Amino acid sequence: MQEIDMVAKAFNDSVFFHSFFMYFMPIPFLINLYTLFAKKNYTQINRKIWFVMPMIFFLVAVAFFSGIFVMAMQHFHINAKIILMIVTTLFIFVGEIIRIKKLKISKTNEKLMQGYLKFCKILYGADLILCILIILMGKF
């Protein structure tokens, strides 16, 4: 009986750890969206986004590893909510990689830079909406 209680406690603690860190996921996107709309200098925008980027990758890594751990404790049972979480995590990860590649090209031309900033606004807006959607799905 005590073993079952310990397994349940470990599972609850794992879910809490995963959820706790995922509540921080929208923060870097809010910071980046604020930067994109408030700053007008390309250098300031890129510097601010560059300093927030490690936070995004850290949170994606925590989401991935803690999510795998929680799924393993559930014997890899997958439902629609878990699929949405996986898709969102991959979307954020791949979006950041594409954004970095676009930045390397966009630094050479002002017109390309304006397109890059538009891409960033769309990307971070979509990331923010997906994160909030997942948080709200967890409540219900």
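Please refer to the structure placed before this passage.
Keep in mind the model is a prediction, meaning the values are calculated, not measured.

**Student:** Please explain the packing of helix H1 (residues 2-22) against helix H3 (residues 42-73) as it appears in this structure.
**Tutor:** Each pair of packed helices can be described by the angle between their axes along with the distance between the axes. Contact geometry of H1 with H3 gives a least axis separation of 9 Å together with a crossing angle of 155°. Compared by their axis directions, H1 and H3 come out roughly antiparallel. Seen along the crossing, H1 lies across H3 with a hand that is left-handed. Between H1 and H3, the contacting residues are Val 7, Ala 10, Phe 11, Ser 14, Val 15, Phe 17, His 18, Phe 21 and Met 22 on the first element and Phe 58, Leu 59, Val 62, Ala 63, Ser 66, Gly 67, Phe 69, Val 70 and Met 73 on the second. Here the contact of H1 with H3 is composed, by residue class, of 14 nonpolar, 4 polar and no charged.

**Student:** What is the right way to look at the packing of aromatic side chains in this model?
**Tutor:** What describes a pair of aromatic rings is the distance from one ring centre to the other and the angle between the planes of the rings. Applying the stated criterion across every chain, the model contains 8 aromatic pairs. Aromatic pair Phe 64 and Phe 65: ring centres 5.0 Å apart, planes at 75°, arrangement edge-to-face. Under the relative-accessibility criterion, Phe 64 is labelled partly exposed at 43%. Residue Phe 65 is classed as exposed on the basis of its relative accessible area, which comes to 58%.

Cut-offs used in this document
- Residues numbered from 1 in each chain as written.
- Predicted model: local features only at pLDDT ≥ 70, side-chain atom pairs only at ≥ 80, totals over all residues.
- Heavy atoms only, no water.
- Axes fitted to C-alpha atoms, helices over the stretch in contact; angles between N-to-C directions.
- Helix = DSSP H or I, 4+ residues; strand = E, 2+ residues; numbered from the N terminus.
- Parallel < 35°, antiparallel > 145°, perpendicular 65-115°, else oblique.
- Left-handed = near helix turned anticlockwise from the far one by under 90°.
- Contact = heavy atoms within 4.5 Å.
- Nonpolar A, V, L, I, M, F, W, Y, C, P; charged D, E, K, R; others polar.
- Phe/Tyr/Trp six-rings, centres within 6.5 Å; stacked < 30°, edge-to-face > 60°.
- Buried < 20%, exposed > 50% of the residue type's maximum accessible area, 1.4 Å probe, protein only.

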